[in-house]
Amino acid sequence: MPANHISKALMPNFNDIRFLQESLQLAHKGKGFCYPNPAVGSVIVNENQEIISVGFHQAAGKAHAEVNALKNLPNNYKTNSELTLYVTLEPCAHFGKTPPCVNAIIESKVISRVVYGYKDPNPNVLGKGADLLVNNNIECEYVSCKEIDIFYEPYKLWLKTQKPFITAKLAITLNGMIANHDSTPFKITGDIINKFTHQNRQSTDAILTTAETIISDNPKLNARIGDTHTKKKLYIIDRCLKLPEDANIFKTSSSLTVFYSKPISDSKKSLLCNKGCQLVEVSNSNKELDLKAIIAQIGKDGVHSLWVEAGGRLFASLLRQKLLQKAFIYIAPKWVNHGKIAFPNGFEVEKLPGKKAFRQYGEDVLCELTF
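A few points on the structure. Not measured: the values here are computed from a predicted model.

### Considerations on the packing of aromatic side chains
Reasoning step 1: In the structure shown here, the tally under the stated rule is ten aromatic pairs.
Reasoning step 2: Ring geometry for Y118 versus Y152: centroids 5.1 Å apart, planes at 35°, classification tilted. Of this pair, Y118 sits in the loop between strand 5 (111–116) and helix 4 (128–135) while Y152 sits in the loop between helix 5 (146–151) and helix 6 (153–161); the two residues are 34 residues apart in sequence, bridging distant segments of the chain.
Reasoning step 3: You can call Y152 buried: its relative accessible area is 1%.
Reasoning step 4: Seen in terms of ring centroids, F196 and F328 are 5.1 Å apart; in terms of plane orientation they differ by 80°. Their pairing is edge-to-face. One end of the pair, F196, is in helix 7 (residues 191–203); the other, F328, is in strand 18 (residues 326–332), with 132 residues separating them in the sequence.
Reasoning step 5: The class of F196 is buried, set by a relative accessible area of 10%.
Reasoning step 6: Feature note: the residues F196, W307, F328, Y330 and Y361 constitute an aromatic cluster, connected by ring pairs.
Reasoning step 7: Note that K232 overlies the ring of F33, its terminal NZ or CZ placed 4.5 Å from the centroid.

### Examining empty space enclosed by the protein
Reasoning step 1: Scanning the model with the defined rule gives one cavity of 30 Å³ or more in all.
Reasoning step 2: If you add up the space inside the largest cavity, you get close to 140 Å³.
Reasoning step 3: Lining the largest cavity we find 14 residues, and of these K31, P38, A39, D205 and H304 sit closest to its centre.
Reasoning step 4: Here the residues of the lining of the largest cavity sort into eight nonpolar, four polar and two charged.

What counts and what doesn't
Residues numbered from 1 in each chain as written. Predicted model: local features only at pLDDT ≥ 70, side-chain atom pairs only at ≥ 80, totals over all residues. Heavy atoms only, no water. Phe/Tyr/Trp six-rings, centres within 6.5 Å; stacked < 30°, edge-to-face > 60°. Helix = DSSP H or I, 4+ residues; strand = E, 2+ residues; numbered from the N terminus. Buried < 20%, exposed > 50% of the residue type's maximum accessible area, 1.4 Å probe, protein only. Lys NZ or Arg CZ within 6 Å of the ring centre and 35° of its normal. 1 Å grid on protein atoms, 1.4 Å probe; cavity = no way out; pocket = protein on both sides within 12 Å on 5 of 7 lines; lining within 4 Å. Points joined across faces, edges and corners; volume = space filled by probe spheres on them. Nonpolar A, V, L, I, M, F, W, Y, C, P; charged D, E, K, R; others polar.

Shown next as structure tokens:
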């Protein structure tokens with residue numbers, strides 16, 4: 001490692017952490033829109049420790065965070081300045097859909113120091129961007145930041161395994177009910193925790209559900225925050241291709257991929273293909289599709305993070321096969337007799353595996369399980 005490429009993982013100063021956290025807030029704006037790239041945020045600071053420019057990676061194929069921050073610099077800082085650039089992820093030094101970020105930093109001639117908060121596990125990047133900056137007389141430092149480490153967990157997992165970081169959500173009553181006895185839905189949780197759901201939909205790369213959920217609830221499965229409705233990439237487990245032609249998701253998703261198993265009539269396949277669905281055949285055992293094969297295909301599509309919204313059956317299968325990294329169980333202060341129970345074999349939160357944390361959202365309680 002070159003002498004002026006310094007690791008400050010164990011000795012960060014307050015300002016470095018503060019500006020990296022500001023960069024992280026910007027990275028969150030791009031989360032859920034950048035795959036197969038990671039979301040990244042960046043700020044540029046002057047010698048008076050003032051933020052003078054910001055940028056974030058908005059979508060794959062668009063300019064990276066550092067380039068946007070440099071582009072947004074005020075004109076009076078675009079010549080002969082000694083500025084520090086903070087960025088959540090080590091700047092890249094290779095050509096992808098866009099040129100290397102280190103080239104833009106070097107060519108700007110206004111950055112004298114770069115501080116990044118996560119060592120890129122991509123072997124095409126790791127250490128190369130930092131070394132190139134140092135070789136061009138730009139001080140480069142890595143500063144560890146716990147919040148940034150957590151932020152890039154899905155990216156790290158995807159690079160290592162080519163599989164997404166999976167989070168499943170399930171809403172239940174106090175006695176474990178998820179629907180009426182005839183499977184018709186009812187409002188279980190309140191508006192505050194429902195807002196949490198939409199925030200998670202927006203910040204995830206894709207959503208997974210089942211045909212049974214679509215048939216029962218006819219959900220939109222988009223992210224609705226204020227007046228903004230964001231379409232998401234949607235995957236559906238539909239063994240027999242039962243999706244109704246008038247389902248909301250045909251209008252409210254950015255793309256649809258349906259997993260099924262044969263035999264299925266060509267007419268049914270054609271109907272869904274004509275509505276814009278990509279059909280993927282998956283092996284079938286005991287009337288259940290191979291979940292591991294489904295997850296592997298989603299990973300091949302470049303999805304880093306996957307949000308699962310379905311019933312207790314899929315939730316339990318993912319849990320049983322140890323395919324989840326995280327789960328959210330919403331528990332509403334309601335008691336419903338003669339309803340549809342989430343888990344026919346019984347359900348006790350305290351007996352579920354994983355590390356548990358509880359938070360309150362209005363009248364509802366969220367149990368977060370980390371595996």
